[in-house]
Amino acid sequence: MFDYETLRVIWWALLGVLLIGFAVTDGFDLGVASLLPFVARNDAERRMVINSVGPTWEGNQVWFITGGGAIFAAWPFVYAVSFSGFYLAMFLLLAALILRPVGFKYRSKRPDAAWRSRWDWALFVGGFVPALVFGVAVGNVLLGAPFRLDSDLRSFYEGGLLGLFTPFALLCGLLSVAMLALHGATWLTFKVERGGPVHWRARSFGAVAAILTLLLFAGGGLYVAFGDIGYHMQSVADPLGQSNPLRTTTQHLSGAWIGNYALHRWMLIAPVLGIGGAVLAFVGITVGAEKSSFGGSALAITGIIATVGLSMFPYILPSSIDPHSSLTVWNASSTPATLGLMLFVTAILLPIVLLYTSWAFKVMWGRVTTADVATNPDFY
């Protein structure tokens, strides 16, 4: 039905959709966990906050697992290089994520205040650290990862864990934290009792997070435009050619990441969406328009992630030490048969997943109150 070039572009877009889907759904779970020690001051309030995401957080992680599987199947070179090279960072990420289910399940098993406080901070770590690491990872993708490929396409990673936390990568990490904290705050305004102290604190922290999101996104954009960052393809791309990263000639070129916007003006919708969504979220959370604030937050996430993808296209993972080893949409994909079969399966199953997710949210919709926490034995 589709030629090789079209299949590659479709799967590049689907990878972006999966990342955005994960950030929009599980993102508010991470944001709520990051805000937990600050928006809730006593045990009843913290249980209310935890149970605002209790029914859905496990299902939201499906997007993360699906994204990893899609990278493995559709972009095997990207999977091999990133998951092996960023091994320690992945371990740190997974260790933090493991704290979430353990924290949810064990936090209220004992009435001891110290026991519950420790698990509350564990949940905070399980929300804050993944949000930070995800952003740092995006920053390193923009900067280029320190890997090279030999003539047999074997990958050699020449970096370390601490080397990932450069100033620009940390800026991206803080942007991710602010963006997801905003999303978590807007979710809380939907889910906790209106007019209560948690509701008001969520609005206050959400307004601050919206401002930080705008400032950090603008700062990152200025660095990308005027800093020593970017890669440019010197050779002529062959969208129909076989996947072999070494057939692409790449050079490091400052400011190259903004070149696509000069060639394709329609791509400017992504950064405009990121800025406009954050502004809408700030206005909505300030005046109490909960639908507008949550929708604006989701639009901001969509725009910010799309900005990264469109800026880099056709690159997926450039190399900072050997630009000619950089992985692109045209040189790092699976075969046409694999992409076509996966697309057929996705076309059937993805709508089913979306329908089921929508139904689950509808069934479990409604505000959580401190009275619910006190009377419902099934709550965390």
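The structure presented is a predicted model; accordingly, all values stated were derived computationally and were not measured. (Residues numbered from 1 in each chain as written. Predicted model: local features only at pLDDT ≥ 70, side-chain atom pairs only at ≥ 80, totals over all residues. Heavy atoms only, no water.)

Some words on the overall build of the chain
Rules: Numbered from the N terminus, helices here are DSSP runs of H or I no shorter than four residues, and strands are runs of E no shorter than two. As defined in this context, the radius of gyration uses C-alpha atoms, and a globule is described by 2.2 Å times the residue total to the power 0.38. For every residue, the accessible area (1.4 Å probe, protein chains only) is compared with the maximum for its type, and the residue is labelled buried under 20%, exposed over 50%, or partly exposed between those bounds. Note on definitions: a residue-residue contact is assigned when non-hydrogen atoms from the two residues lie within 4.5 Å. To measure how exposed things are, a 1.4 Å probe is used in the Shrake-Rupley method; for residues, cover is taken only from the protein chains shown. Positive residues here are Lys and Arg, negative ones are Asp and Glu, while His and the chain termini are left out of the count. Charge positions come from single atoms, namely NZ of Lys, CZ of Arg, CG of Asp or CD of Glu.
Looking only at helices and strands, one finds 14 helices and 6 strands in the chain. Here the C-alpha radius of gyration of the chain, 21 Å, is about what a compact globule of 380 residues would show, namely 21 Å. Per-residue burial over the chain gives 50% buried out of 380 residues. Restricting to contacts in the chain with at least 6 residues of sequence separation, those with at least 24 account for 80%. Accessible surface computed for the chain: about 17,200 Å², of which carbon and sulfur atoms make up 71%. If you average the places of the 22 positive and of the 19 negative side-chain charges in the chain, the two averages end up 9 Å apart.

Here's the deal with empty space enclosed by the protein
What counts, and what does not: Here a cavity denotes grid points, spaced 1 Å and computed from the protein atoms alone, that fit a 1.4 Å probe unable to get out, and a pocket denotes an open set having protein on both sides within 12 Å along at least 5 of 7 lines; residues with an atom within 4 Å of a point are the lining. Grid points are joined across faces, edges and corners, and a volume is the space filled by probe spheres set on the points. Classification used: nonpolar for Ala, Val, Leu, Ile, Met, Phe, Trp, Tyr, Cys and Pro, charged for Asp, Glu, Lys and Arg, polar for all others including Gly.
A complete count under the given rule lists 2 cavities of 30 Å³ or more for this structure. Each pocket or cavity is described by its volume, and for the largest cavity that value is around 60 Å³. Asp29, Val32, Ala33, Leu36, Val49, Ile50, Val53, Arg100, Phe104 and Leu123 are the residues that line the largest cavity. Elements with a contribution of two residues or more to the lining of the largest cavity: α1 (4-39), α2 (43-53) and α6 (87-106). For the lining of the largest cavity, the leading source of residues is α1, giving 4 residues. Considered class by class, the residues forming the lining of the largest cavity number 8 nonpolar, no polar and 2 charged. Its boundaries defined by the atoms lining it, the second largest cavity holds a volume of some 50 Å³.

Comments concerning the environment of Ser204
Inspection of the secondary structure puts Ser204 in helix α9 (residues 197-226). Through-space distance from the C-alpha of Ser204 to that of Ala185 is 8.6 Å; in sequence the pair is 19 residues apart.

Description of the packing of aromatic side chains
For clarity, the threshold we go by: Each Phe, Tyr or Trp ring, with Trp reduced to its six-membered ring, pairs with another whose centre is within 6.5 Å; inter-plane angles below 30 degrees give stacked pairs, above 60 give edge-to-face pairs, and intermediate values give tilted ones. Charge over a ring is defined by NZ of Lys or CZ of Arg lying within 6 Å of the ring centre and within 35 degrees of the ring normal.
In this structure the tally under the stated criterion is 29 aromatic pairs. If you follow Arg148 out to its NZ or CZ, it ends over the ring of Phe156, 4.6 Å from the centre. Directly above the ring of Trp365 sits Lys191, whose terminal nitrogen or CZ lies 5.2 Å from the centroid.

Let's talk about the nonpolar core
The tendency in soluble globular proteins is for nonpolar side chains to be buried as a group. The cut-off we apply is this: By convention a nonpolar core is built from buried Ala, Val, Leu, Ile, Met, Phe, Trp, Tyr and Cys residues, the set being connected through side-chain atoms within 4.5 Å.
Ranked by internal contacts, the top residues of the largest apolar core, which has 61 residues, are Trp11, Trp75, Val78, Phe147, Trp257, Leu317 and Leu327. The leading source of residues in this core is α1, at 9 residues. Not counting residues up to four positions away in its chain, the partners in contact with Trp11 are Ala70, Ala74, Trp75, Leu339, Met342, Leu343 and Thr346. Ranked by size, the runner-up nonpolar core spans 32 residues in total, among them Phe28, Val49, Val192 and Val373.

Quick word on the side chain of Thr213
Worth spelling out the cut-off: Here a polar contact is taken to be a pair of N or O atoms separated by no more than 3.5 Å, where protein atoms must pair a possible hydrogen donor with a possible acceptor and residues adjacent in sequence count only if both atoms sit in side chains.
Mapping Thr213 onto the fold places it in helix α9. Side-chain polar atoms of Thr213 contact the backbone oxygen of Ala209, separated by 2.7 Å. Setting aside its immediate chain neighbours within four residues, Thr213 contacts Leu175, Ala178, Met179, Leu182, Ala278 and Ile304.

Notes on the pattern of salt bridges
Selection criterion: Put simply, a salt bridge is a Lys or Arg side-chain nitrogen that is within 4 Å of an Asp or Glu carboxyl oxygen.
For the structure shown, the criterion picks out 10 salt bridges. In this structure, Arg116 and Asp43 form a salt bridge, with 2.7 Å as the shortest nitrogen-oxygen distance. On the criterion of sequence distance, the pair formed by Arg116 in helix α7 (residues 113-143) and Asp43 in helix α2 is long-range, its members being 73 residues apart. Exposure remark for Arg116: the relative accessible area of 12% places this residue in the buried category.

Describing unusual backbone geometry
Comment: phi is negative for the bulk of residues other than glycine, and the bulk of peptide bonds are trans. Cis rather than trans, the peptide bond between Phe313 and Pro314 has omega equal to 10 degrees. With respect to the secondary-structure elements, Pro314 resides in the loop between α12 (290-312) and β5 (315-317). In this structure, Leu153 takes a positive phi of about 65 degrees despite not being glycine. Inspection of the secondary structure assignment puts Leu153 in the loop between β1 (147-149) and β2 (155-157).

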